[in-house]
Amino acid sequence: MSVVEWETVVGLEVHCELETATKLFCGCRNAFGDEPNTNICPVCLGLPGSLPVLNRQAVEFAMRIGAALHCDVRPSIFHRKNYFYPDMPKDYQISQYDEPINVEGWLELPDGSRVGIERAHMEEDTGKTTHVGTSGRIHGADYALVDYNRAGVPLVEIVSKPDIRSAEQARAYVSELRAILLAVGVSDARMEEGSLRVDANVSVRHAGSDQYGTRCEVKNMNSLRSLGRAVDYEVARQVALLEAGERVVQETRHWDEDDGRTHSLRSKEEAFDYRYFPEPDLVPVAPSPDWVASVRAALPALPAERRVALASRAGVAPADVATVVSLGLDELVTSAIDAGADPRLALARAGNEVAADIERAPSLEAAAFARVLAMEGEGRLTATQSKQVLGELLASGGDPEEIARAHGFEAMGDDALVSVVDEVIVAHPAEADRLRGGESKLTGFFVGKVMAATAGKADGKAVTRLLRERLG
Amino acid sequence: MPGMPRRISRDDVAHVAWLARLDVTDDELERFTEQLGAILEHAADVAALDTSGVPPTAHPLPLANVLRDDVPHESLDRDEVLAEAPTAEDGRSCSPHPGRGRVSAAATASSVRTGERRAREVVEEALALVESGDGALHAFNNVLIEEALAAADEVDRQVAAGVDPGPLAGVPVALKDNLCTRGVATTCSSRILDGWRPPYDATVVARLRDAGAVVVGKTNMDEFAMGSSTENSAFGPTRNPCDPSRVPGGSSGGSAAAVAAGFVPVALGSDTGGSIRQPAALCGVVGVKPTYGLVSRYGLVAFASSLDQIGPFAATVEDAALALEVIAGHDPCDSTSIAEPAPSLVAVLGDGVEGLRVGVVRELTDGCDADVRARLAEAVAGLESAGAKVEEVSVPAAAYGLSAYYLIAPAEASSNLARYDGVRYGLRVQGTDVAAMYGRTRAAGFGPEVKRRIMLGTYALSAGYYDAYYGQAQRVRTLIIRDFDAAYRDHDLLVSPTTPTTAFPIGAKADDPLAMYLSDVCTVPSNLAGQPAMTVPFGRGDDGLPVGVQVLAPARGEAVMFRAAAVLEAHAP
Ligand SMILES: [Zn+2]
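Q: How would you explain the overall build of chain A if you had to name every residue and give the values?
A: Along its length, chain A carries 15 helices and 15 strands. For chain A, the spread of C-alpha atoms along the principal axes amounts to about 85 × 60 × 50 Å. Across the 472 residues that make up chain A, the buried fraction comes to 51%. Considering only intrachain contacts with a sequence separation of at least 6, the fraction spanning at least 24 residues in chain A is 67%.

Given below as structure tokens:
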């Protein structure tokens, strides 16, 4: 039996909501989470007679994205994409079609691989439909409620080339793209809240083939995790079909987080004919070379560059600092290292504890962070205590020393610790003999006993050292 | 060059109807297949034209980078928007005598500004004329008695307080019913907008109000401005005040009739392919289609966005100039609005045409009736006697105007009219699901001409036909602009008849869309080129009905166009 090797081919379409003050074509506030239908006007409601006027800031943000993705930023026009949908007030979407503002760029992942960018174009978001009914699904809903606050919110759609070869790489791509969008300050890029939406075009082919297989567009992944699961599922589904001698049908499929499968969304007769044509209510956008140059010049350091910088400062590999950089915590870590913190400890605390409360991370002062790391490094705080102090700093600020004192977190000095260690050794003579005999896994047993006896105030490293002195 | 597409089939029409979410009966399918086939066959001249190397024209004027600052405005009130339920039409009262009170807007405004006359008195008079005369004509869909009287009182209060109400103080005006008026039904003479009350005023409406004008009513029109006779109205046709058995022209027939009947000295209409000039000519009044972008389209319910312009009707050239000065000028709410200041018009009306070079456009004249051409010849003699140098000129691509127009306008309309889907406002016919609601609502809400154009336009944009139809028509548009530009290198102005015939009888062309379309042949090229044109009444045809002479000018050439119009008015029989 011959074994065919299958290659995964993925291209991603990422919609990113821009954090402008107002919508793309009207002055309504662009705000997430407001009362439904309270940011509306004739333009974003598509009322008869209304006309769009383009938001300069949205164009600037789109150009920033293009520049950050190494795209050619070009003169562009808007088209109308015609199709009927209740959450689309005009029953057409104003989007960019064959003359988008950004084309032909690339993005480098932490592992050094590059994914090509085909285009990154501007378009308006639709309203949001809530289907109300017994089943809770689109089909079979009794009625629908539409919130037009989101209608007209500026989006940039970033379309990758089909360069992605695994679910893992797809996740890395979105994670990197997200880091870039945050770095250039155009979006909060949250998948869970829908300000970053990812659709995946997935196909498979025989390894080594230069032909693409039939692809399916998979929608409705609302986290990196579901993106990875959806791609893996879809690849397995397609491989199973092909190995059974069937064919893959080109279609849109909906990822269902609960059953972990993709489902066919539309029947064939609903194939779309969008009847694109140039939007006559808008004029071309042709950013001057000066404007493009000033946007490029004002770009902040991008994640790839920052990874290299932080990795060399911390003496680790660039891939080891990817999380910290993607969360924008590299400055925090660098200044802690500058203040004398152990680089690996700083990376670990930033990548875990600070990352866990990333909403509040901007309020964390670098000096306070460095202080906590120093206290931990000097053995004045145990790892557990250090994490707790950090958590409190993030939650309500303050002075690390005072927080530690208020909790009675003074790591025990050697004098106090020695007597506890000795008591524990006396209480467990058999285990002590075995450890003496070289059964080193029993170190953990004694550390645990000392920790229990000191209610966690002991520093694990100090206990290990004392045990080695006595039983080593 | 795109090849000649095959003839449209019944299946094509069924597919297009589905794309456009229009439920059609078998009978309709049969009829539409035949009619669309005939229209597309007529447009074959455009499809066959060699346009290799010609870029398409999407916008008639070379504008770019129109951007607004990222500064928030207030939201509309949610409850006001959600309360968009259908309401009954305001009543209108009728009696059979057309009014003949004709005081110019300029004279009225100056007497109101000086306190000589009260606006209330002027407006009451206009309302009385409408009340006694409009039953026979049906120029108005909706007469706004209370609103008009309240607005007139406000003008009078301003005068009493020593505040100048503006250049149109107390002047009663009528608005085509596709101009949004806050809180007042705006129907486009369509069932589908049944009861819709816009939450905002069109820019032109706001400017009229700011200038002291008093809106007395909304006028009848062909549904969504699609037509040339005002017969395609869901509320019944308007009649021509010069002969009630005849059409007033269209699509702004109600506004033309309201001015011709003397109800109001000034009315606004919209002109996409001649919808101001053609009815003005047929009713014997002045009508102006300004340069694309001179007047804001914000609040004009869109028909074909790249062609639509708002303009005035008036009994005199001076009143038309006065009204256009008030409504023209840059509007940040319209991306296609010209940024430069609008030209002064009233001040130049007496400047004459001495030394101007005028061309008579052969392609827009040859096919016209003999009596119409005879009036044009007299008009030319008038211009010559005033010192203009007149000669015949050819604008070859203008001959393709009609075909290009009937591909571009329906295509844009098919998209502009998608939003009438029963979801947010106007008519809704329930269905088992959303798709069924769309199809039923749109089938019940739109009249036959609107359906025809939506299908034609959907077809012209659909996969596989875009290049042969819409794309090709846009390239022909470029050729038309080039040919006009060439003509304007040697001429300051062009002239032609406004319409090939005088007003035709009601019902004469109702069943033959193509024959109806041909009445726009002289007017559509200006819309495609984005250039200004106006009609001035000039005598009568053999049937005793009005004839109009069209004056065409290069983009933003309104001042010189009005100078010639004033001379023609002075020489008219
Ligand atoms: Zn808005």
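Q: So, the sheet that holds strand 2 (residues 140-143) of chain B: which residues are in play, and what are the values?
A: All names here are of chain B. Strand order in this open sheet of 11 strands is 2-4-3-5-7-6-11-12-10-8-9, and the pairing throughout is mixed. Looking at strand neighbours, the two that pair on one side only are strand 2 and strand 9 (389-393), the edges of this open sheet. Each neighbouring strand pair of the sheet contributes to a mean axis angle of 30 degrees, computed without reference to strand direction. In this structure, strand 8 (residues 357-361) lies alongside strand 10 (residues 493-497), joined through 3 bridges in parallel fashion.

Q: Account for the coordination of the zinc ion, naming residues and giving values.
A: Residues and elements named next belong to chain A. Donor atoms from the polypeptide that coordinate the zinc ion comprise Cys-26 (SG), Cys-28 (SG), Cys-41 (SG) and Cys-44 (SG), at 2.3 to 2.4 Å from the metal. Mapping the donors of the zinc ion onto the primary sequence gives the spacing C-x1-C-x12-C-x2-C. With Cys-28 in the loop between strand 1 (6-17) and strand 2 (54-55) and Cys-41 in the loop between strand 1 and strand 2, this residue pair connects regions lying 13 residues apart in the sequence. Classification of Cys-28 as buried rests on a relative accessible area of 1%.

Q: Describe the domain arrangement of chain A, and please don't skip the residues or the numbers.
A: All names here are of chain A. As far as domains go, chain A holds domain 1 (6-296), domain 2 (303-406) and domain 3 (414-471). For domain 1 and domain 2, the distance between their C-alpha centres works out to 34 Å. With 9 residues of domain 1 at the contact, the number on the domain 2 side is 7 residues. Counting each side, the surface lost to burial between domain 1 and domain 2 is near 640 Å², with a carbon and sulfur contribution of 53%. Among the residues of domain 1 in contact with domain 2, Pro-110, Glu-176 and Ala-179 are the three that bury the most area, contributing 51% of the side total. There are 2 salt bridges connecting domain 1 and domain 2. The residue Arg-190 makes a salt bridge to Glu-359 at a minimum N-O spacing of 2.8 Å. Where domain 1 meets domain 2, there are 2 residue pairs in polar contact (both at pLDDT 80 or more). Residues belonging to the side of domain 1 that touches domain 2 are distributed by class as follows: 6 nonpolar, no polar and 3 charged.

Q: Before we move on, could you go through the side chain of Ser386(A) and cite the residues and values that matter?
A: Mapped onto the secondary structure, Ser386(A) falls in helix 10 (residues 383-396). Side chain to side chain, Ser386(A) and Glu376(A) meet in a polar contact 2.6 Å long.

Q: Tell me about the environment of Ser160(A), and please be specific about residues and values.
A: Residues and elements named next belong to chain A. Here Ser-160 is to be found in strand 10 (residues 154-160). Under the relative-accessibility criterion, Ser-160 is labelled buried at 5%. Spatially, the C-alpha atom of Ser-160 lies 8.3 Å from that of Trp-106, the residues being 54 residues apart in sequence.

Q: Break down the interface of chain B and chain A for me, citing the residues and quoting the values.
A: Often, the extent of an interface is quoted as the loss of accessible area upon association of its parts. Each partner contributes residues to the interface: chain B has 61 residues there, and chain A has 62 residues. At the surface where chain B touches chain A, the tally comes to 4 salt bridges. Here Arg56(A) ties to Asp69(B) by a salt bridge, and the two come within 2.2 Å at their closest N and O atoms. Elements with a minimum of two residues in the side of chain B that touches chain A: helix 1 (10-19), strand 1 (67-68), helix 4 (78-82), helix 13 (401-416), helix 14 (434-445), helix 15 (448-461) and helix 16 (467-490) of chain B. Here the side of chain B that touches chain A gets 4 residues from one element, more than from any other, and that element is helix 13 of chain B. Class assignment for the residues of the side of chain B that touches chain A results in 35 nonpolar, 14 polar and 12 charged. Where strand 2 of chain A meets strand 1 of chain B, 2 bridges bridge the pair, whose relative direction is parallel. What sits directly across from Leu54(A), in strand 1 of chain B, is Leu67(B).

Q: Break down the environment of Asp177(B) for me, with residues and values.
A: All names here are of chain B. Looking at the element boundaries, Asp-177 is found in the loop between strand 3 (172-176) and helix 8 (203-210). A relative accessible area of 1% places Asp-177 in the buried class. Linking Asp-177 and His-42, residues 135 residues apart in sequence, is a C-alpha distance of 31 Å. Residues contacting Asp-177, with those up to four places away along its chain left out, are Asn-141, Ala-185, Thr-186, Thr-187, Cys-188, Lys-218, Thr-219 and Met-221. For Asp-177, the side chain forms a polar contact with the side chain of Asn-141, separated by 3.1 Å.

Q: I'd like a rundown of the packing of helix 11 (residues 317-327) of chain B against helix 19 (residues 558-571) of chain B, residues and numbers included.
A: Residues and elements named next belong to chain B. Running from N to C, helix 11 and helix 19 cross one another at 160 degrees; their axes reach a closest spacing of 9 Å. When the interaxial angle is binned, helix 11 and helix 19 end up roughly antiparallel. For the pair helix 11 and helix 19, the sense of crossing is right-handed. Contacts between helix 11 and helix 19 involve Val-317, Ala-320, Ala-321 and Leu-324 from the first element and Glu-558, Phe-562, Ala-565, Ala-566 and Glu-569 from the second. Tallied by class, residues from the contact of helix 11 with helix 19 come to 7 nonpolar, no polar and 2 charged.

Calculation criteria
- Residues numbered from 1 in each chain as written.
- Chains lettered and ligands numbered in written order.
- Predicted model: local features only at pLDDT ≥ 70, side-chain atom pairs only at ≥ 80, totals over all residues.
- Heavy atoms only, no water.
- Helix = DSSP H or I, 4+ residues; strand = E, 2+ residues; numbered from the N terminus.
- Buried < 20%, exposed > 50% of the residue type's maximum accessible area, 1.4 Å probe, protein only.
- Contact = heavy atoms within 4.5 Å.
- Pairing = 2+ DSSP bridges.
- Axes fitted to C-alpha atoms, helices over the stretch in contact; angles between N-to-C directions.
- Donors = N, O, S within 2.8 Å, 3.2 Å for Na, K, Ca; no water.
- Domains from an automatic or database assignment.
- Buried area = accessible area lost by both parts, 1.4 Å probe.
- Salt bridge = Lys/Arg side-chain N within 4 Å of Asp/Glu carboxyl O.
- Polar contact = N/O pair within 3.5 Å; in protein donor to acceptor, adjacent residues only side chain to side chain.
- Nonpolar A, V, L, I, M, F, W, Y, C, P; charged D, E, K, R; others polar.
- Parallel < 35°, antiparallel > 145°, perpendicular 65-115°, else oblique.
- Left-handed = near helix turned anticlockwise from the far one by under 90°.

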